[in-house]
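In case you want the letters, here they are:
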Amino acid sequence: MDINELLLQSVEILPPLPNTVNKLKEYIDTAGGEVRTEKVASIIGADPLLTAKLLQLANSPFYGFSREITTITQVITLLGIANIKNIVIANSIKDNFKIDMSPYGLDTSDFLSSCNDEANFITSWLGDEDKKLSHSLVPCAMLLRLGMIIFSNFLIQNRKDKEFLERLKGANFSNIALIENEFLGVDHIAFLGFLLHRWNFDESLIESICFVGAPHSASDAVRKSAYALAITNHIFAPYDGASKFHVEAAIALIKEAAGSGIVFDLENFLDKLPPKAKNNMA
């Protein structure tokens, strides 16, 4: 992978993760099978800001719990320790970035709103069908566009943003990965996989994201996650998500998944589509 050296250097000088996040990561990674819920709750509870963020997230539409979650122990019990680790790291990383999507020709507030809607859709679509899967995909959805965010920052800092945008316009905002490779030596999904390894995320989360473009190639353990993420990715594609083309591509993936024994309820999926997607299919 011939990643632009300056891009790698820009990642090396990112602000470090907060102390609480590092403590939590270190404890979970070293405790292995002996990890204790009380200890995890104690580490998180020592950081009021992180505690408040996790409680806010647990009570958001992302998870769709029917009752209010009031303690960190409840959050850990409901979501599981591996999920908590992924969520805490994902949230901390996202907080490190100033977000300006102008190099991609995207309105930043619309982009962030779409990212939020994407995580909400996962809960709405899979909440009753496969709650465990929907919970594990929330941090994936939180991170899926992070590569684009980092690339945008880098292009702006290196005054390549306007040239990059002109190339995207010239290609009618298609072949994004090709243009990213031309400017940065890597596309944003492959670069995200590299970063997630560096930040020590769970392998299952990394593989689910890295195979978003080819879910059939993912290992048996994460193939359903990869398909669900790939399907969602079509509905919320940055430029023409929810278009008839993307909805039909998502439906084709649901049928392809069924061919390898991975079943999604197509009727439920169509029912939960965002209004814009439903209108485009009418």
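Refer to the structure presented above.
Residues numbered from 1 in each chain as written. Predicted model: local features only at pLDDT ≥ 70, side-chain atom pairs only at ≥ 80, totals over all residues. Heavy atoms only, no water.

**Q** How do you make sense of the packing of aromatic side chains when you look at a structure like this?
**A** Aromatic rings in a pair are described by how distant their centres are and how their planes are angled relative to each other. If you walk through the whole model with that rule in mind, you get 10 aromatic pairs. A centroid spacing of 5.3 Å and a plane angle of 40 degrees characterise the contact between Trp125 and Phe264, whose relative ring orientation is tilted. Taken together, the residues span a long stretch of sequence, with Trp125 in helix α7 (residues 108-126) and Phe264 in the loop between α15 (244-259) and α16 (266-272) at a distance of 139 residues. Here the two residues Trp125 and Phe264 agree in accessibility, since each one is buried. When the centroid spacing of 5.3 Å and the interplanar angle of 35 degrees are considered together, the rings of Phe151 and Phe191 count as tilted. Remark: Phe191 occurs in helix α12 (residues 188-198) and Phe151 occurs in helix α9 (residues 146-157); sequence separation between them is 40 residues. (Phe/Tyr/Trp six-rings, centres within 6.5 Å; stacked < 30°, edge-to-face > 60°. Helix = DSSP H or I, 4+ residues; strand = E, 2+ residues; numbered from the N terminus. Buried < 20%, exposed > 50% of the residue type's maximum accessible area, 1.4 Å probe, protein only.)

**Q** Would you take a moment to explain the nonpolar core for this structure?
**A** When a protein is soluble and globular, its nonpolar side chains tend to lie buried together. If you look at the biggest cluster of nonpolar residues, it comprises 94 residues, and the most contacted ones within it are Tyr104, Leu196, Phe201, Ile209, Phe264 and Phe269. Dropping the residues within four chain positions of it, Phe264 is found in contact with Trp125, Leu126, Glu129, Leu133, Lys224, Tyr227, Ala228, Ile231, Ile254 and Ala257. (Core = buried A, V, L, I, M, F, W, Y, C linked by side-chain atoms within 4.5 Å. Contact = heavy atoms within 4.5 Å.)

**Q** What am I meant to see in α12 here?
**A** One turn of the α-helix equals 3.6 residues, which is why residues spaced by three or four share an orientation. Taken as a whole, α12 has its buried residues at His188, Ile189, Phe191, Leu192, Gly193, Leu195 and Leu196. Residue Asp187 occupies the N-cap position of α12, its side-chain oxygen lying 3.0 Å from the main-chain nitrogen of Ile189. Count one or two residues on from α12 and you reach Asn200, which has phi positive near 65 degrees. (Polar contact = N/O pair within 3.5 Å; in protein donor to acceptor, adjacent residues only side chain to side chain.)

**Q** Would you mind going over the packing of helix α3 (residues 37-45) against helix α5 (residues 72-79) with me for this structure?
**A** Between two packed helices, the angle of one axis relative to the other and the distance separating the axes together describe the packing. Where α3 meets α5, the closest approach of the two axes is 9 Å, and the angle between their N-to-C directions is 130 degrees. The angle between the axes of α3 and α5 places the two elements in the oblique class. α5 is crossed by α3, and the crossing has right-handed handedness. Each of Thr37, Val40, Ala41 and Ile44 in α3 lies in contact with α5, whose residues at this interface are Ile72, Thr73 and Ile76. (Axes fitted to C-alpha atoms, helices over the stretch in contact; angles between N-to-C directions. Parallel < 35°, antiparallel > 145°, perpendicular 65-115°, else oblique. Left-handed = near helix turned anticlockwise from the far one by under 90°.)

**Q** Can you help me understand the layout of surface pockets in this one?
**A** Left-over empty space is what a probe sized like a water molecule reveals as it rolls over the atoms. A volume near 620 Å³ is recorded for the largest pocket. Lining the largest pocket are 27 residues, and of these Ile176, Asn233, Ala237, Pro238 and His246 sit closest to its centre. Contributing elements (two or more residues each) for the lining of the largest pocket: α11 (176-184), α12, α14 (223-235) and α15. Residues of the lining of the largest pocket, tallied by class, amount to 14 nonpolar, nine polar and four charged. (1 Å grid on protein atoms, 1.4 Å probe; cavity = no way out; pocket = protein on both sides within 12 Å on 5 of 7 lines; lining within 4 Å. Points joined across faces, edges and corners; volume = space filled by probe spheres on them. Nonpolar A, V, L, I, M, F, W, Y, C, P; charged D, E, K, R; others polar.)

**Q** I would appreciate a short explanation of unusual backbone geometry in the present structure.
**A** Trans peptide bonds make up most of the peptide bonds, and negative phi angles are found at most residues other than glycine. Residues other than glycine seldom take positive phi values, yet Phe173 does so here, at roughly 55 degrees. Tracing the sequence through the fold places Phe173 in the loop between α10 (161-170) and α11. One non-glycine residue with positive phi stands out, namely Asn175, at about 50 degrees. With respect to the helices, strands and loops of the structure, Asn175 is situated in the loop between α10 and α11. A relative accessible area of 51% places Asn175 in the exposed class.

**Q** How do you make sense of the environment of Trp125 when you look at a structure like this?
**A** Since its relative accessible area comes to 0%, Trp125 is described here as buried. C-alpha of Trp125 to C-alpha of Ile176: the two residues are 51 residues apart in sequence and 28 Å apart in space. Residue contacts for Trp125: discarding those within four places in its chain leaves Ala228, Ile231, Thr232, Phe264, Asn268, Phe269 and Lys272.

**Q** Mind showing me how you'd approach the pattern of salt bridges here?
**A** Pairing of side chains with opposite charge becomes possible as their charged atoms draw close. Under the definition given, this model contains 10 salt bridges. With a shortest N-O distance of 3.8 Å, Lys160 and Glu163 are connected by a salt bridge. Using a relative accessible area of 38% as the deciding quantity, one classes Lys160 as partly exposed. A salt bridge links Arg167 to Glu182; the shortest N-O distance between them is 2.5 Å. Of the two residues, Arg167 sits in helix α10 while Glu182 sits in helix α11, which places them 15 residues apart along the sequence. The class of Glu182 is partly exposed, set by a relative accessible area of 47%. Salt bridges sharing partners connect three or more residues here, namely Asp29, Lys85 and Asp202. (Salt bridge = Lys/Arg side-chain N within 4 Å of Asp/Glu carboxyl O.)

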